[in-house]
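Chain by chain, the residues:
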Amino acid sequence: MIVITGAAGFIASVVAGSLNEQGRQDLILVDDFSKKQKERNYINKQYQLLLDRKELHNWLKINHDKVDFIVHLGARTDTTEFDWNVFVELNVSYTEQLWTLCTEYRIPLVYASSAATYGGGELGYNDSHDIVERLQPLNPYGRSKNEIDKWILRQKQCPPFWAGLKFFNVYGPNEYHKGRMASVILHSFHQIQDSGEVKLFRSHRPDFADGQQLRDFIYVKDIASVILFLIEKRPESGLYNLGTGHARSFYDLATNTFKAMCKAVNIKFIDTPLDIRDKYQYFTEANMEKLRKAGYYKPFTTLEDGVSDYVTNYLMKDITY
């Protein structure tokens, strides 16, 4: 069996669907399933059990000998949440407990870290373990992910295989429930439908033009592909960046959304909200050398192809993956 946490959410539900496509139906989907607004993400998946996230640790103590792998993607991911206690409970303590059980029961583990751990990028975007203790995330979410990375790297006892994946800017189907935290593509799609225009954040730095803030945007299907590779191949354990290795602008992202919808480009700029302005990343780009050396050679989806697939095959049809 494969256990997937956060299974009602964005990335984990796509991972579950990808495993279904590979013929795996022996999935234990873990989440808070009382939130019915995310039901579309798992209702049509093939699985063995839906398990409340609060029950997972006790369930593992009884059923650990049946578990082949755990993919831990459940977390509080809101970068505008500033209550540290929320992240301690949902991101830090929960992951520490799960790691401890995976170590005791010899269960391989993949967990979600984040590119938010890199903060403003002062130390670059290299997934070397040597810089983890010196990273300065810009918000409590990023801090919670970095605290877990630091804690794990200090552990002398580990699962038989583990990987912490530093996700960069993920977009794609099944993110409809994320509200403000959804990708700019989803927001752009709805804005174009409603008004025929897209609003992007104005630059508040002289070295970046409006709309030319750069991020490493990665299609969620590529995330799932890498996780399936790690489940099967189990290369050297460690932290791995997971982006494309090529930064693109928000302007490029918006114009490709217009193109996919067959609409004329109409972009306006608005001020970045004050509550996130001083914590806003203007450039991220993953160094992907470690994952490539680990044996993952598949090309990543281009921004043009990813936006086209997402918009035409999911958003315009109002379907999930």
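Now for a look at the structure at hand. Here the structure is a predicted model, which means the values were calculated and not measured. Once a new chain begins, its residue numbering starts again from 1 and follows that chain's sequence as written. Totals for whole chains, interfaces and linings use every residue, but because this is a predicted model, local features are given only for residues with pLDDT of at least 70 and side-chain atom pairs only at 80 or more, for both listing and counting. Calculated side-chain values reflect all of the structure's heavy atoms, with hydrogen atoms and water omitted.

Let's talk about the packing of helix H5 (residues 184-195) against helix H10 (residues 303-315)
Right, so step 1: Comment: axis = line fitted to C-alpha atoms, over the contacting stretch for helices; angle = value between 0 and 180 degrees taken between N-to-C directions. Each helix is a run of DSSP H or I of at least 4 residues and each strand a run of E of at least 2, with the numbering of both proceeding from the N terminus. Contact pair H5 / H10: the axes reach a minimum separation of 11 Å and the direction vectors enclose 55°. As judged from the angle between their axes, H5 and H10 are oblique. Every pair of crossing elements has a handedness; the one defined by H5 and H10 is right-handed. Between H5, through Ile185, Leu186 and Phe189, and H10, the contact on the second element is made entirely by Val307, Tyr310, Val311 and Leu315.
Right, so step 2: Any residue that is not Ala, Val, Leu, Ile, Met, Phe, Trp, Tyr, Cys, Pro, Asp, Glu, Lys or Arg is counted as polar, Gly included; the first ten are nonpolar and the last four charged. Per-class residue counts for the contact of H5 with H10 are seven nonpolar, no polar and no charged. Throughout this description, any angle smaller than 35 degrees is read as roughly parallel, any larger than 145 degrees as roughly antiparallel, any in the 65 to 115 degree range as roughly perpendicular, and the remainder as oblique. When the near helix sits turned anticlockwise from the far one by under a right angle, the crossing is termed left-handed; a clockwise turn instead gives a right-handed crossing. For this analysis, residues touch if any pair of their heavy atoms sits within 4.5 Å.

Section: the packing of aromatic side chains
For any two aromatic rings, the description comes down to two numbers: the centre-to-centre distance and the angle of the planes.
Right, so step 1: In this scheme Phe, Tyr and Trp rings, the latter by its six-membered ring, pair at centre separations within 6.5 Å, and the angle between planes marks the pair as stacked below 30 degrees, edge-to-face above 60, and tilted otherwise. Applying the stated criterion across every chain, the model contains 18 aromatic pairs.
Right, so step 2: Both rings, one in Phe33 and one in Tyr42, keep their centres 4.9 Å apart while their planes meet at 70°; by these two values the pair is edge-to-face. Each member of the pair, Phe33 as well as Tyr42, is classed as buried.
Right, so step 3: Aromatic pair Phe208 and Tyr282: ring centres 5.3 Å apart, planes at 55°, arrangement tilted. Residue Phe208 is located in the loop between strand E8 (198-201) and strand E9 (214-215), and its partner Tyr282 is located in the loop between helix H8 (274-277) and helix H9 (289-293); the two are separated by 74 residues in the primary sequence. Of the two residues examined, Phe208 and Tyr282, each falls in the buried class.
Right, so step 4: An aromatic cluster is built from Trp99, Tyr111, Trp151 and Trp162, whose rings are joined through pairwise contacts.
Right, so step 5: Placement of a charge over a ring requires the Lys NZ or Arg CZ to be within 6 Å of the ring centre, with the centre-to-atom vector within 35 degrees of the ring normal. Residue placement shows Arg40 over the ring face of Tyr176; its charged tip is 4.8 Å from the ring centre. Burial here depends on accessible area, computed with a 1.4 Å probe over protein chains only, as a share of the maximum for the residue type. Under 20% is buried, over 50% is exposed, and the range in between is partly exposed.

Looking at the nonpolar core
Right, so step 1: We define a nonpolar core as any set of buried Ala, Val, Leu, Ile, Met, Phe, Trp, Tyr and Cys residues linked to one another through side-chain atoms lying within 4.5 Å. Grouped together as the largest cluster of nonpolar side chains are 76 residues, with contacts concentrated most on Ile4, Ile11, Leu73, Leu165, Phe167, Leu242 and Leu291.
Right, so step 2: With nine residues, the single largest contributor to this core is helix H6 (residues 220-233).
Right, so step 3: Ignoring sequence-local partners within four residues, the contact set of Phe167 consists of Ile11, Leu73, Ala112, Ser113, Ser114, Ala115, Ile223 and Leu242.
Right, so step 4: Ile70, Cys102, Trp151 and Trp162 belong to the second largest nonpolar core, which has 26 residues in total.

Topic: the sheet that holds strand E3 (residues 49-52)
Right, so step 1: At least two bridges found by DSSP between two strands are what make those strands a pair. If you trace the seven strands from one edge of the open sheet to the other, you get E3-E2-E1-E4-E5-E6-E11, paired in parallel fashion. Each of the sheet's edge strands pairs with one partner strand only, and the pair in question is E3 and strand E11 (238-242). Within the sheet, the average angular offset between the axes of one strand and its neighbour, ignoring direction, is 20°.
Right, so step 2: For strand E1 (residues 2-5) and strand E4 (residues 69-72), the ladder comprises four bridges, and the chain directions are parallel. Among the inter-strand pairings, Val3 is bridged to a residue of E4, identified as Ile70.

So, unusual backbone geometry
Right, so step 1: One non-glycine residue, Arg106, lies in positive phi territory at about 60°.
Right, so step 2: Within the secondary structure, Arg106 sits in the loop between helix H3 (84-105) and strand E5 (109-114).
Right, so step 3: Unusually for a residue other than glycine, Asp318 sits at a positive phi of about 55°.
Right, so step 4: On the basis of relative accessible area, Asp318 is assigned to the exposed category, the value being 55%.

Section: the pairing of E1
Right, so step 1: Because side chains alternate across E1, one face comprises the buried residues Ile2 and Ile4, and the other comprises Val3 and Thr5, equally buried.
Right, so step 2: Every crossover in which the path from the first strand over the helix to the second runs clockwise, viewed with the strands pointing away from the viewer, is termed right-handed. Between the parallel pair E1 and strand E2 (residues 27-31), the chain is carried across by helix H1 (residues 10-21), and the sense of this crossover is right-handed.

A word on helix H7 (residues 250-260)
Right, so step 1: Of all eleven residues in H7, eight are buried; the element is thus mostly enclosed.
Right, so step 2: What H7 keeps buried is the set Phe250, Leu253, Ala254, Thr255, Asn256, Thr257, Phe258 and Ala260.
Right, so step 3: Cys262 lies just past H7 and shows a positive phi near 60°.

Remarks on the layout of surface pockets
A water-sized probe rolled over the atoms picks out the places where empty space is left.
Right, so step 1: Lining residues are defined by having an atom within 4 Å of a point belonging to a cavity or pocket. Those points lie on a 1 Å grid over the protein atoms alone, cavities being sets where a 1.4 Å probe fits but cannot get out and pockets being open sets with protein on both sides within 12 Å along at least five of seven lines. Grid points are joined across faces, edges and corners, and a volume is the space filled by probe spheres set on the points. Considering only enclosed or pocket space, the second largest pocket measures out at about 430 Å³ in volume.
Right, so step 2: Considering the residues around the second largest pocket, the lining is formed by 22 residues, among which Gln22, Ala224, Ser225, Leu228 and Lys298 are closest to the centre.
Right, so step 3: Elements with a minimum of two residues in the lining of the second largest pocket: H1 and H6.
Right, so step 4: Among the elements that make up the lining of the second largest pocket, the one with the highest residue count is H6 (nine residues).

Some words on the pattern of salt bridges
Right, so step 1: Any carboxyl oxygen of Asp or Glu within 4 Å of a side-chain nitrogen of Lys or Arg constitutes a salt bridge here. Across all of its chains, the model carries 15 salt bridges by this definition.
Right, so step 2: Residues Glu289 and Lys293 are paired through a salt bridge, measuring 2.9 Å at the closest nitrogen-oxygen approach. Here Lys293 and Glu289 lie together in helix H9, a separation of four residues that amounts to about one turn.
Right, so step 3: The structure contains a network of salt bridges with shared partners spanning Arg24, Asp26 and Asp68.

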